[in-house]
Structures are given as structure tokens and as C-alpha cells.
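Listed below, chain by chain, are the residues.
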Amino acid sequence: MNTVELIRKKRNGLPLTKSEIHFLINSYQNKKIPDYQFSAFLMAVYFRGMNETEQSALTDAMINSGKIVDLRKIKGVKVDKHSTGGVGDKTSMIIAPIAAAAGVKVPMISGRGLGHSGGTLDKLDSIPGFRTDLSLSQFKNILKKCGAVLIGQTKEIAPADKLIYALRDVTATVESIPLITGSIMSKKIAEGIDGLVLDVKTGSGAFMSDEKDAAKLAESLIRTAKSFDKKVIAFITDMNQPLGNYIGNWFEVHESIKVLQGENVEDLLELSLTLSGAMIYLGNKAGSIEEGKKISFELIKNGKAFEKFIEIVKNQGGDLKYIHNPDLYPKSKFSKKIFSPKTGHLSVINNYDIGMSALELGAGRRTKEDKIDPKAGIIFYSKIGSKINKGDVIAEVFTDNKAKLEIARDKILNSLTFSHTKTKKLKIIKKIIN
Ligand code: URA
């Protein structure tokens, strides 16, 4: 096959065949196609898109660039969740134990945070001793024994994605629905799952800020999952404000513990029950999402979900003393309360800026090499729709870097818009697609 001809074909809007797509992915992975040609191919896909057959072929080629984890010997339906990420999104740590306590097998492979958006792996790494770098055989053993395991991407799973993503990052081709779909679904399908719950976020703190784009991505992910015979449900959910109140790595573990112990953090609880409800439904342990939600709530109330969380932490080497008593966790050297400069109704939050404020404080990274401070973060007390009086505490920031306190305060205050008239609370679940 001739690479230039294939690039030209895609550039002219003609569909590529399955074998042509496999050739391009295999050749790039084996360094037989240089970066400049593969970049041209990516840009052609960016402008021309892909049809369903091409999308499945791309995903298949990326899956087969590595191993498919064989979980068939482990009894039970294996269901994972993927979220497109955002600010304060800590649901994985809440729903994995809930779904596992309901009898679903939960093999979770998560990512790190980058920019304004946090990552489950960094959150779990904030638990002293917790190991996310397990081998695939350890991953399978824990899954079998405990019902849930949360680790990071391994070298064996869809290695082509890592190479292609790095190139997309520097060629302005990240924001392409077929390329995002191939990237997400190849990693998820290679995990050996039977079902997947998708949390596609929309709003100012989301990767896809526009709701129509988020819905298009969700539909593409669903079509592709179904073409591999996977059971799938997608939710379009709101990311116009932080999810829950805590932002930052240990802060988010702490808030997850609170929810698992029965605290009603409204939006976070509602989203967690919905996602775990859908996982329980896909895992054949409930007849509907609604029933799955009820089971989830019951597992929180009777303590079984929190017990399962403890079991997960123990199996993965985490120090349980901080889980039983989060107040023992080391504190940031500096903190500052942020007071409202005016009276009004909170109407808009630039949630991207809230995420970037957490990054400034040390909770995030600008480049993959940056180190994060697990203690740093924000407690954000306000939600859109709240009535706030001048002088009320809107948020509190925590860091070891004193100079960042003022920077974060200014960024947070500048991200808020107040209205004289009443504003509506936001609904966390915007749409369900299945
Ligand atoms: N997340 C991924 O895993 N891949 C993308 O391309 C975008 C977001």
C-alpha cells in the first residue's frame, strides 16, 4: 500500500478500507511511516471524519496494537466507567466499590490529570502506599478476589494510542470525534470488559464544552462499543461547576469517603448513584438503572460500599489509617478563605478557571512531567443558583506555596458571575443515551 495515496484518499473524503486503516496504524506503530505523513493523515481525518466502518476498523487496529486482557476466567459481568473528565470529578472512587459490592466485576483502568482536569490515578496515588502500577496478573488476581481494582494504563494496552495521542497533541488534532472515539474505546475494549458506562461531560469545565458536541461524541462512542458487542449506556452530565465541593487529589479521596459513609453531597451523590446504578444494570444485578440506583443507595446506607472501598485500598497496599481517619492526613502549610465581594445570586462559574486555580495551588500539572502536591486544593462551597451575601465564604484554598494563595483567590473571584435576579440550580444529569 502507498501511504501518500491513502492520505490523498482520506483528504478527498473517500472512505478507507479496513485493511488500509490497519496498514496505517501498524506501520506508524512500527515506525515505517514518519510523523509528518501520519500527521497529514490525522489532519485529513480531522476534516473529513470517518464512517462507522472506518471507526470500527480504527478502534480495532488500535486494540490489536497491544494485548486484550482476558478476563473470561473471572466469573461475573465486567463493567467499567469512562468519564471525559473535569473539575472535582471523583465518581470512580465512589462507584467502583458500590458496583463491586452489588456483585458486578469492576476492572478500572484510569488516567492522570492534565491541565484543568483531574485524574483518578493521581487521586488514588495520594493515599500513602496505594499502588496503581500493578501488573496485569496482579490486576486479575485482585479483580477476582475483591471484585474491583483500579490501576493505570499498562504498556500492553493499546500502545498505539500513546504514540498517536502524543502526535495529536502537537498537531492540533486532539479535538476530532473519530480520533477521540478510537482512543477511548480501544483502551476500554482492550481491558476485557463486557459493558461500559460513559459519563460525557459538557460545560465550561469539560473537554467538550458544547452540549451538541458532547452528544455527538457520546453517540460515536456508543456506536463503536456496540460494534464490538459491548453493552453501553452514556450520560451527558453537567460540568459548569465543580462536582461536589472538594477539588484536589487527597481532598477528593476525602470527599469520596464522606459520600461512601452516607454524607449527602447533592450533585456528587446523584451522579454517583446514577452511574453505579447503570453499572449494576449492565452487570445484570438490576432490572433497570432506577433499580440499580436504589441498590446503590442501600449499599451506602448499610455500610457495604464503604467496606468494599476499604477492601480495595487494602488489596492495593494503601494505608487504611487515613481512610478510617482522614483528619490524620498531612495539611498544607498555607490556606486562605475567599470572601464574596458582593451580594447576589451565583449565575455563572468559569469552571475551567476553577480547575486552573487548583493547578496553580499544586493540585495539577501543566506538562506530563510536573509533580503534583496531593494535599493542595480547593474547598468550593458555592453552587450556581445559590444566594450569596457580601462577606460569605465562597471557597477556601490550600497550598504549600504561599505566593499562590493570592493568584488562586483572584482567579476564583474572576471566574464568578453574580446576578441580581434568582438563578436556577443546574441539573447534574442532562441526558441519557443508550
Ligand atoms: N481521552 C482519551 O483517552 N483520548 C482522547 O483522544 C481524548 C480524551
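Coordinates for the structure precede this section.
Every chain is numbered on its own, with residues counted from 1 as its sequence reads. Side-chain atom pairs in this predicted model are given and counted only at pLDDT of 80 or more, local residue features only at pLDDT of at least 70, and totals for whole chains, interfaces and linings cover all residues. Hydrogens and waters are ignored; side-chain quantities use all the structure's heavy atoms.

I tried to follow the pattern of salt bridges on my own but got confused; where do I start?
Two side chains bearing opposite charge may form a pair once their charged atoms approach each other closely. Salt bridges are defined by distance alone: a side-chain nitrogen of Lys or Arg within 4 Å of a carboxyl oxygen of Asp or Glu. In total, this model carries 30 salt bridges according to the counting rule given. Across the salt bridge formed by Asp199 and Lys201, the nearest N and O atoms sit 2.7 Å from each other. Exposure classes here rest on a 1.4 Å probe applied to the protein chains alone. A residue is buried below 20% of its type maximum, exposed above 50%, and partly exposed in between. When its relative accessible area of 0% is taken as the criterion, Asp199 is described as buried. Several salt bridges share partner residues, and in doing so they unite Arg112, Asp122, Asp125 and Arg365 into one network.

Is there a simple way to think about the site of the ligand in this case?
Near is defined per residue: the residue qualifies when any heavy atom it owns lies within 4 Å of the molecule or strand. Taken together, Tyr165, Arg168, Ile180, Ser183, Ile184, Lys187 and Phe207 make up the full set of residues near the ligand. Between N or O atoms, a polar contact is any pair within 3.5 Å; within protein, one atom must be a potential hydrogen donor and the other a potential acceptor, and residues adjacent in sequence are included only when both atoms are from side chains. At 2.8 Å, a side-chain N or O of Arg168 approaches an oxygen atom of the ligand. Lys187 is positioned with one of its side-chain polar atoms (N or O) 2.6 Å from an oxygen atom of the ligand. The protein chains shown are the only cover counted for residues, whose accessible areas, like all others here, come from Shrake-Rupley with a 1.4 Å probe. Relative to its unbound accessible surface of 240 Å², the ligand loses 83% to contact with the protein. A run of DSSP states H or I qualifies as a helix once it reaches four residues; a run of E qualifies as a strand once it reaches two. Both are numbered from the N-terminal end. Put simply, the parts of the chain that give the shell around the ligand at least two residues each are helix H8 (159–169) and helix H9 (177–190). At four residues, H9 tops the list of elements feeding residues into the shell around the ligand.

Would you mind going over helix H16 (residues 351–363) with me for this structure?
Structural remark: α-helix, 3.6 residues per turn; residues separated by three or four positions point the same way. How far a helix is expected to stretch is found by multiplying one less than its residue total by 1.5 Å. For H16, which comprises 13 residues, the first-to-last C-alpha distance of 15 Å sits more than 12% below the rise-based estimate of 18 Å (1.5 Å per residue). Most of H16 sits out of view: 12 of its 13 residues are buried. Along H16, the residues classified as buried are Asn351, Asp353, Ile354, Gly355, Met356, Ser357, Ala358, Leu359, Glu360, Leu361, Gly362 and Ala363. Residue contacts are defined here by distance: any two heavy atoms, one from each residue, within 4.5 Å place the two residues in contact. Check the buried side of H16 and you find it contacts strand S6 (246–247), helix H11 (249–260), strand S8 (344–349), strand S9 (377–380), strand S11 (393–399) and helix H17 (403–414). If you check the start of H16, you find a side-chain oxygen 3.2 Å away from the backbone N of Tyr352, and it comes from Asn350.

Honestly, empty space enclosed by the protein in this entry has me stumped. Any pointers?
One way to see where empty space is left: roll a probe the size of a water molecule over the atoms. The definitions used throughout rest on a 1 Å grid laid over the protein atoms alone, on which a cavity is an enclosed set of points accommodating a 1.4 Å probe that cannot get out and a pocket is an open set flanked by protein within 12 Å on both sides along at least five of seven lines; lining residues are those having an atom within 4 Å of a point. Grid points are joined across faces, edges and corners, and a volume is the space filled by probe spheres set on the points. For the structure on display, the rule yields two cavities of 30 Å³ or more. Around the largest cavity, the lining is made up of 23 residues, and of these His116, Ser117, Gly118, Ala363 and Gly364 lie nearest the centre. Elements that contribute at least two residues to the lining of the largest cavity include exactly helix H6 (120–125), H11 and H16. Broken down by element, the lining of the largest cavity gets its largest block of residues, four residues, from H16. In this classification, Asp, Glu, Lys and Arg are treated as charged, Ala, Val, Leu, Ile, Met, Phe, Trp, Tyr, Cys and Pro as nonpolar, and every other residue, Gly included, as polar. Partitioned by chemical class, the residues of the lining of the largest cavity number seven nonpolar, 12 polar and four charged. Note: domain ranges come from an automatic or database domain assignment. Viewed by domain, the lining of the largest cavity spans two of them, domain 2 (79–156 + 167–324) and domain 3 (331–419), each represented by three or more residues. There is about 30 Å³ of room inside the second largest cavity. Taken together, Leu58, Met62, Asp161, Ile164, Arg168, Leu179 and Ser183 form the lining of the second largest cavity. Its residues placed into classes, the lining of the second largest cavity shows four nonpolar, one polar and two charged.

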